[in-house]
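# Coordinate analysis (summary)
Here are the chains, one letter per residue:
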Amino acid sequence: MNNPAQQSELRFAIIGGGMAGILSAIKLNNAGYSNYTIYEKADSLGGTWRENTYPGIACDVPSHFYCYDFEPNPDWSYACSPGPEILDYFNNVAKKYGVLEKTRFGSEVSKLEFIDNRWQLETKDGAKDTIDIVISASGVLHHPSFPDIDGLDTFAGTLFHTAEWDHSVPLAGKRIGIIGTGSSAIQIVGALADKAGKLVQFQRTAQWIMPRENPAYTDAEKDNFRANPDAMQAIRSEQAEMSEGGFSAAVVGENPAALAAIEALTLSNLEDNVKDPILREKLRPDYTAACKRLIMSPNYYDAIQHPNAQLVTEDITAIEPTGVRTADGELHEFDILVIATGFKVDQFMRPIEVIGQNGITLEQAWVDRPSAYLSVSVPGFPNLALLNGPNGPVGNFSLIDVADIQLDYFLQLVESVRDGQCAAFSAKAAAAESAETERVEATKNTVWVSGCKSWYLDDRGVPAVWPWSMGKFRDVMTKPDMDDYDLAS
Ligand code: NAP
C-alpha cells in the first residue's frame with residue numbers, strides 16, 4: 001500500500017467485466033496497482049445484467065443494498081430497480097473510475113498456464129499476456145442450462161433461454177409457454193401475463209413466494225438522498241441487518257424465529273392472495289420455505305390469476321413442433337417457448353483451460369466437483385482468486401458484498417508477493433480439505449437440506465454454499481491465516 005511504484009510492477013488480469021470485475025479494477029486501483037487488464041469476452045461491461053434482459057428483470061435485492069458501498073445512487077427508481085437501470089449503474093461507475101480504458105473487449109480468455117511463478121494467459125483470438133495475479137470474476141449463473149426434454153430442438157416457433165432473450169420477437173397477443181418456476185420465470189410471468197394472448201407456465205415444483213412490494217421512489221425522496229447520503233446509508237444498513245441478521249441466520253439454522261416468520265409470511269401470501277382453491281393447492285409447496293432460493297415478488301400471484309394465464313402442473317413428456325405435450329396427453333400450442341430452467345452452476349472459470357503447478361489442470365483438481373479454500377483459492381493454482389467461487393455465500397443477498405469481502409481478503413495475500421515474502425501463494429491442500437470437511441458438516445444444519453431439490457445442492461445433495469451466517473463469513477475473511485497457505489519463492 002505504501003509503495004505504489006513497487007506495487008505497479010505486479011501485473012494483474014481480471015477475467016470478466018461484470019459487477020465483480022469492475023469492482024476488482026476499482027479496488028486494485030485504490031490499492032495502488034495500476035498494471036491490470038480486464039479481459040471481457042463481450043463488447044460491453046455488465047455481466048449478468050448485460051446478458052439477462054428478459055421482460056420483468058429486476059434485482060430482488062433492494063437497490064440501495066445491491067450497489068457498491070462507495071458509490072451509492074440517489075437515482076434508483078424503485079426499491080428493487082429494473083435490470084436495465086442496474087446495467088446503467090455499473091456502466092456509469094465503470095466510466096467514472098476509468099475501467100473502460102483498462103478493458104480489452106471481445107477478448108475471451110481460453111488458457112492460463114502457471115509457469116515459473118507467473119500465469120501465461122491466452123485469449124481465443126490468439127493474444128498472449130504474462131500475468132502475476134489472476135482474478136477470476138466470471139460469474140456464477142452464467143452458462144444457461146437447457147432441460148433434457150424429448151423434442152426440444154423440434155419446436156417450430158421461437159424458443160430461447162431466459163438469459164438469451166430475443167427482443168426481435170414481438171410478444172403482444174402471442175401464445176407464450178414458460179418452462180420453470182425459478183426467480184427468472186416468476187419475474188417474466190409478472191411482466192407478461194397481461195401482454196400475452198395466452199401465457200402458460202409449466203411448474204415442476206411449486207415455490208414459496210415472499211410478498212415484496214416494490215414502490216417507486218418519488219422525486220422528493222431522490223432529492224433527499226442526494227442532499228443527505230446518510231439516508232441511503234440508513235437503508236443499506238437496514239437491509240444488511242435484515243439480510244444478514246435475519247435471513248442468512250435463518251437459513252443456516254441460527255435464527256429459527258426468523259425462519260418461522262418467513263414461513264408464516266409466505267404461507268399467508270398464498271392463502272390470502274390466491275382465490276381459486278384448486279390453483280392454490282397447485283401453488284402450495286410441500287417443503288420448508290427458503291429451502292430453495294426464496295422468490296420475492298410483488299405481482300406473481302396476481303399475474304398467474306390473470307385470465308390469460310394458466311399454470312400447468314402435469315409433467316412435460318415432449319416438445320413437439322407446435323408446442324408442449326404433457327403427461328395427460330394434452331398438446332399446449334405456442335408461438336414462443338421460454339426456457340426458464342436456470343444455469344449450469346458448477347462451471348466457474350471453465351471452459352478456460354487452467355493449468356496450475358506440476359501440470360495439474362483445474363479439470364483434474366475438480367474431477368469430483370468444484371472446491372476452493374474459503375471459496376477463493378484452489379490448492380496448486382497460485383496467485384489466483386475466484387470471486388464468488390465454489391461453496392461461497394449465495395442466496396437472497398448481495399453478491400456485491402461477497403465479492404468485496406473476498407477481494408479485501410485476497411489483496412492481503414497479494415501483499416506477500418508485493419513485499420517479496422514469496423513469489424506465489426495458494427491454499428494448502430490440507431487446509432482446504434479440513435475447511436471443506438467442516439463446511440460439509442455444517443450444511444447439515446441448514447434449511448437447504450430440509451427436503452427439496454435446488455441448484456444449491458451438488459451431485460451428492462450437499463449444499464454447495466457457505467453454511468454459516470454472513471457475519472461469520474465477514475469474520476473469517478477479515479485476515480488470511482498465512483499458515484493455511486503454501487508460499488513459493
Ligand atoms: P432456477 O432457479 O434454477 O429455476 C429453474 C426452474 O426450471 C425450476 O423451476 C426447475 O424446476 C425448472 N426446471 C428445470 N429443469 C426442468 C425440466 N426438465 N422440466 C421442467 N422444469 C424444469 O433458475 P432461474 O429462475 O433462472 O434462477 C436462477 C438463479 O438466478 C436464482 O436462484 C437467483 O439466484 C438468480 N436470479 C436472481 C434474480 C434476482 O432478482 N436477484 C432474478 C432471477 C434469477 P424444479 O424446481 O423442479 O427443479
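Computed from a predicted model, the values in this text were never measured in an experiment.

## Looking at the domain arrangement of the protein chain
The accessible area lost on association of the parts is a frequent measure of interface size. Assigned domains within the protein chain: domain 1 (4–45 + 99–143 + 344–488) and domain 2 (152–214 + 254–339). Opposite the twelve residues of domain 1 that make contact, domain 2 presents eleven residues. Between domain 1 and domain 2, the buried area comes to about 910 Å², and carbon and sulfur atoms account for 54% of it. Taken together, the links from domain 1 to domain 2 amount to zero salt bridges. Counting across the interface, domain 1 meets domain 2 through one residue pair in polar contact (both at pLDDT 80 or more). For the side of domain 1 that touches domain 2, the per-class residue count stands at five nonpolar, six polar and one charged.

## Comments concerning the sheet that holds strand 11 (residues 198–202)
Taken together, five strands build an open sheet; the order of strands is 9-18-10-11-14 and the sheet is parallel. What marks the edges here is a single partner per strand, and that holds for strand 9 (158–161) and strand 14 (309–312). Shown here is a sheet whose adjacent strand axes are inclined to one another by a mean of 15 degrees, direction ignored. Bridge count for strand 9 against strand 18 (residues 336–339) is four bridges, and the pairing is parallel. Across the sheet, the residue bridging to leucine 159 is leucine 337, located in strand 18. Lying over the sheet, helix 5 (residues 183–192) contacts strand 10 (175–179), strand 11 and strand 18, oriented at roughly 165 degrees with respect to strand 11.

## Here's the deal with the site of the ligand
The local shell around the ligand holds 22 residues, among which Thr181, Ser184, Thr205, Lys292 and Trp455 are the closest. Take aspartate 60: an N or O atom from its main chain is 2.8 Å from an oxygen atom of the ligand. Between an oxygen atom of the ligand and a side-chain N or O atom of lysine 292, the distance comes to 2.5 Å. Alone, the ligand offers 910 Å² of accessible surface; in the complex the protein occludes 84% of this. Ranked by residue count, the leading element in the shell around the ligand is helix 5, at three residues. Looking at side-chain class alone, the shell around the ligand contains nine nonpolar, nine polar and four charged residues.

## Focus: the state of the cysteines
Applying the stated criterion to the full structure yields one disulfide. One disulfide in the model links cysteine 291 with cysteine 452; its S-S distance is 2.1 Å. Between cysteine 291 and cysteine 452, the S-S torsion sits near -95 degrees, and that sign places the bridge as left-handed. Of the two residues, cysteine 291 is situated in the loop between helix 9 (277–282) and strand 13 (295–297) and cysteine 452 in the loop between helix 13 (429–443) and helix 14 (470–476); the sequence distance between them amounts to 161 residues. Taking relative accessible area as the criterion, cysteine 291 reaches 0% and is therefore assigned buried. Between cysteine 59, a free cysteine, and cysteine 80, which holds the nearest cysteine sulfur, the sulfur-to-sulfur gap is 7.0 Å. On the basis of relative accessible area, cysteine 59 is assigned to the buried category, the value being 8%.

## Some details on the packing of helix 2 (residues 19–30) against helix 12 (residues 399–418)
The relative placement of two packed helices is expressed as an angle between their axes plus a distance between the axes. At a closest axis distance of 10 Å, the pairing of helix 2 and helix 12 adopts a crossing angle of 40 degrees. On the basis of their axis angle, the class for helix 2 and helix 12 is oblique. Between helix 2 and helix 12 lies a crossing of right-handed hand. Along the contact surface, helix 2 presents Met19, Ala20, Leu23, Ser24, Lys27 and Leu28, while helix 12 presents Leu399, Ile400, Ala403, Asp404, Leu407, Asp408 and Leu411. A breakdown of the residues in the contact of helix 2 with helix 12 according to their chemical character gives nine nonpolar, one polar and three charged.

The rules behind these values
Within every chain, residues take consecutive numbers counted from 1 along the sequence as written. Whole-chain, interface and lining totals are the exception, using all residues; otherwise, since this is a predicted model, local features are given only for residues with pLDDT of at least 70 and side-chain atom pairs are given and counted only at 80 or more. Excluding hydrogens and water, the side-chain figures rest on all heavy atoms present in the structure. Delimitation of the domains relies on an automatic or database domain assignment. Every residue pair with non-hydrogen atoms within 4.5 Å of one another is taken to be in contact. Once two parts are put together, the accessible area they lose, assessed with a 1.4 Å probe and summed over both, is termed the buried area. Any Lys or Arg side-chain nitrogen found within 4 Å of a carboxyl oxygen on Asp or Glu counts as a salt bridge. For the purposes of these results, a polar contact is taken to be a pair of N or O atoms within 3.5 Å, where, inside protein, one atom must be able to donate a hydrogen and its partner to accept one; residues adjacent in sequence count only when each atom of the pair is a side-chain atom. Asp, Glu, Lys and Arg are counted as charged, while Ala, Val, Leu, Ile, Met, Phe, Trp, Tyr, Cys and Pro are counted as nonpolar; the rest, among them Gly, fall into the polar class. Between any two strands, at least two bridges found by DSSP are needed for them to pair. Strands here are runs of E lasting at least two residues and helices are runs of H or I lasting at least four, both read from the DSSP assignment and numbered beginning at the N terminus. The axes are straight lines fitted to the C-alpha atoms, using for helices just the contacting stretch, and the angles between their N-to-C directions are given from 0 to 180°. Think of it this way: one heavy atom of a residue within 4 Å of a molecule or strand is enough to make that residue near it. Computed by Shrake-Rupley with a 1.4 Å probe, the accessible areas treat only the displayed protein chains as cover when residues are assessed. To count as a disulfide, a pair of cysteine sulfur atoms needs to be within 2.5 Å. Buried, partly exposed and exposed residues are distinguished by accessible area as a fraction of the type maximum, computed with a 1.4 Å probe on protein chains only: under 20%, between the cut-offs, and over 50%, respectively. By the definition adopted for this analysis, an angle is roughly parallel if under 35 degrees, roughly antiparallel if over 145, roughly perpendicular if from 65 to 115, and oblique otherwise. Note on convention: near helix rotated counterclockwise from far helix by under a right angle means a left-handed crossing. Clockwise means right-handed.

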